[in-house]
Amino acid sequence: MASHFPGPVMIRVLMVLVLVGSSHGEDGATLCGLNGCQAIDLAKRYTDLTMAKMMRTIKPEALEEVFQNMAKLEVLVRQVEDLQRDVMSLYQPVWPVNSGPQRWSMCAEGPCSCTLETRFVSCWRLELLHHVPRKQQIPVDTKSLDLGMNRLKALHKDSFNQLTELVELDLNDNYLELLPNSLFYDLENLRHVKLLKNRLLYLPPDIFQDARSLRTIDLSYNVLEALPGTLFKKLHHVYLLNLASNAIKHLEEGIFYDLESLEDLNLSENKLKELPQLVFYKLKSLKRLKLSRNELSRLPHGVFTNLYNLRELHLHNNYIETLPTGVFRDLYNLTFLELTSNRITQVQHKDFLSLGSLRSLFLGQNLVTAIRNKTFVGTPKLEKLYLFSNKIEEIEVAAFSGLNSLSWLLLNNNLLRRLPKEIFRRTPNLLRLQIDSNKFMKLPEGLLEELKRVEQVKLSMNPWHCDCFILYLTGWLHRNPDKIWDRQPKCRGPGDLGGKPVIDMTFNSVCDGQWASMTKIQGRV
């Protein structure tokens, strides 16, 4: 029956025909007289015109009216899609719900698996094409129903109406494009619903209005472009909401306001370009927020206000250039902050002042050029600091002040040529250090002796200049052979020493006796 109703392709054809008619004077009777094939042929002929030609044929003063008509047409398309959803749902079969004493034994006679002890019905991976199994009876007291990994394209609006004890509903990995308004009607005990990996483009604003006991909602891996502002209205008990891997471009400011119990919100891998200032304002129970892999270029002031219980914040793979002053001010309990792969050019001590519980900070793959004194003084519990793959040329001597708990420091793949001699005096518990893939030619004498507890040091892929100054590093390598991670550093030069391991350098091979005496350098090998 679905073929009788306009799908996405036919809707686009209708849009073209309306534009064609308004632009070329086609009267309604002519267009209405076309059959489907003629309509598609006509649409194809006109869509072959280039946009430039269209703009030339439409008078400038008529452009505004054309755009207004297109906006109205989009509304009409949405209404047609709603109608399509509702009508198609009426043509889907409704499986019989059994309330008799033999309901579970009769359930087992169908293609689905039925388990009385847990009141679980599994129709998982039965290659269901268009509807639920016609010969399958469902016990009225079913608590968990699995319809995952099938090919369901539509569901009857009354599919689950009598299953008032249903707690878990799994519809993942199907072909669902539209859901009828009343799909969850009267499911007052429903706690968990999985709709991930479908083809949902749009959700009715009141789809969850009768399922107010919901605890978890998974809508990830669909093609949702927008969310109705009232979609999550009165869902006071939801603690997990997964909207990842959709195409969401915009969030209404109050969309999450009723989710007062929400602890985990995943909005990663969407197309968000900006965030409303107060969009998370009422999520005081939130512990994990994922906004990675979007198109965010800035964070508005106050966007994380009131998120006192937030533990993890994922913002990697966006286009963020600056961190507004105080943007993390209320995140007292944050332990994990991921800002990798953005466009941040500088970090300052005021950016992290309130993050007293932070343990992991990821700032790699940005555009930071320098680390100034006391930048991380507000993060005394920080254990892992990732600064790899930036453009850092300078690190001031007190840059890591206050980081007594720091155990991992990654500075690899930057533009560093030197480090202050006492820079690691402020990180007494450092266990792992990466300064590989920089531009170091030498290290100041005594630098690595500050690393009292270090277990792994990566020094390779630097242009080590093996003259007399390299003997400090050579000596340290001999004394700590088990601490070199990945590979031995090699000389870049001079001359024939290029490519040879730094650890093999000797006083005689790199130092001229007279010059060594003048500079008071003693052999260490």
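This text follows the structure it describes.
Because the structure is predicted, anything quoted here is derived from the model rather than measured. (Residues numbered from 1 in each chain as written. Predicted model: local features only at pLDDT ≥ 70, side-chain atom pairs only at ≥ 80, totals over all residues. Heavy atoms only, no water.)

## Focus: the packing of aromatic side chains
- Overall, the coordinates contain twelve aromatic pairs when judged by the stated rule.
- When the ring of F304 is compared with that of F328, the centres are 6.2 Å apart and the planes differ by 15°; the resulting orientation is stacked. A residue pair is termed long-range when its members are at least 10 positions apart, and F304 in the loop between β11 (288–290) and β12 (312–314) and F328 in the loop between β12 and β13 (336–338) qualify at 24 residues. Here F304 and F328 have matching classes, each one buried.
- Following the ring pairs from residue to residue traces out a cluster consisting of F336, F362, Y386, F388 and W408.
- Residue placement shows K384 over the ring face of W408; its charged tip is 4.5 Å from the ring centre. (Phe/Tyr/Trp six-rings, centres within 6.5 Å; stacked < 30°, edge-to-face > 60°. Helix = DSSP H or I, 4+ residues; strand = E, 2+ residues; numbered from the N terminus. Buried < 20%, exposed > 50% of the residue type's maximum accessible area, 1.4 Å probe, protein only. Lys NZ or Arg CZ within 6 Å of the ring centre and 35° of its normal.)

## Some details on helix α7 (residues 471–479)
- The element α7 is extensively covered by neighbouring structure, given that seven of its nine residues are classed as buried.
- Within α7, burial applies to L471, Y472, L473, T474, G475, W476 and L477.

## Quick word on a positive patch on the surface
- On the surface, R212, K233, K234, K282 and K284 cluster together into a patch of positive charge.
- If you trace the backbone, R212 turns up in the loop between β7 (192–194) and β8 (216–218).
- Of the residues examined, R212 reaches a relative accessible area of 40% and is grouped as partly exposed. (Patch = residues over 30% accessible without salt bridge, like charges linked within 9 Å, V, L, I, M, F, W, Y side chains within 5 Å. Areas by Shrake-Rupley, 256 points an atom, 1.4 Å probe, with all protein chains shown as cover. Salt bridge = Lys/Arg side-chain N within 4 Å of Asp/Glu carboxyl O. Lys, Arg positive; Asp, Glu negative; His and termini not counted. Charge placed at Lys NZ, Arg CZ, Asp CG, Glu CD.)

## Considering the state of the cysteines
- All chains considered together, the criterion is met by four disulfides.
- For C112, the disulfide goes to C123, at an S-S distance of 2.0 Å. On the sign convention where negative is left-handed, the bridge of C112 and C123, at about 105° about the S-S bond, is right-handed. Of this pair, C112 sits in the loop between α6 (103–107) and β2 (113–115) while C123 sits in the loop between β3 (120–122) and β4 (138–139); the two residues are eleven residues apart in sequence, bridging distant segments of the chain.
- A relative accessible area of 0% places C123 in the buried class.
- What pairs with C466 in a disulfide is C491, and their sulfur atoms sit 1.9 Å apart. Judged by the sign of its S-S torsion, about -85°, the bond between C466 and C491 is left-handed. Of the two residues, C466 sits in the loop between β21 (464–465) and α7 while C491 sits in strand β22 (residues 491–493), which places them 25 residues apart along the sequence. (Disulfide = S-S within 2.5 Å.)

## Let's talk about the nonpolar core
- Within the largest apolar cluster, 128 residues are counted, with the highest numbers of intra-cluster contacts made by F184, F232, F256, F280, F304 and F400.
- Contributions of two or more residues to this core are made by α6 and α7.
- Here the element with the most residues in this core is α7; it accounts for five residues.
- Setting aside residues no more than four positions away along its own chain, F400 makes contact with F376, L385, L387, I395, L409, L411, I423, R426 and T427. (Core = buried A, V, L, I, M, F, W, Y, C linked by side-chain atoms within 4.5 Å. Contact = heavy atoms within 4.5 Å.)

## Here's the deal with the pattern of salt bridges
- Under the definition given, this model contains 18 salt bridges.
- Here D141 makes a salt bridge to R119, at a shortest N to O gap of 4.0 Å. In this pair, D141 is assigned in the loop between β4 and β5 (144–146) and R119 in the loop between β2 and β3, connecting sequence segments 22 residues apart.
- We classify D141 as buried; its relative accessible area is 9%.
- As a salt-bridge pair, R487 and D486 come within 3.3 Å of each other at their nearest N and O atoms.
- Its relative accessible area of 45% is what places R487 among the partly exposed residues.
- Residue classification places D486 among the partly exposed positions, given a relative accessible area of 47%.

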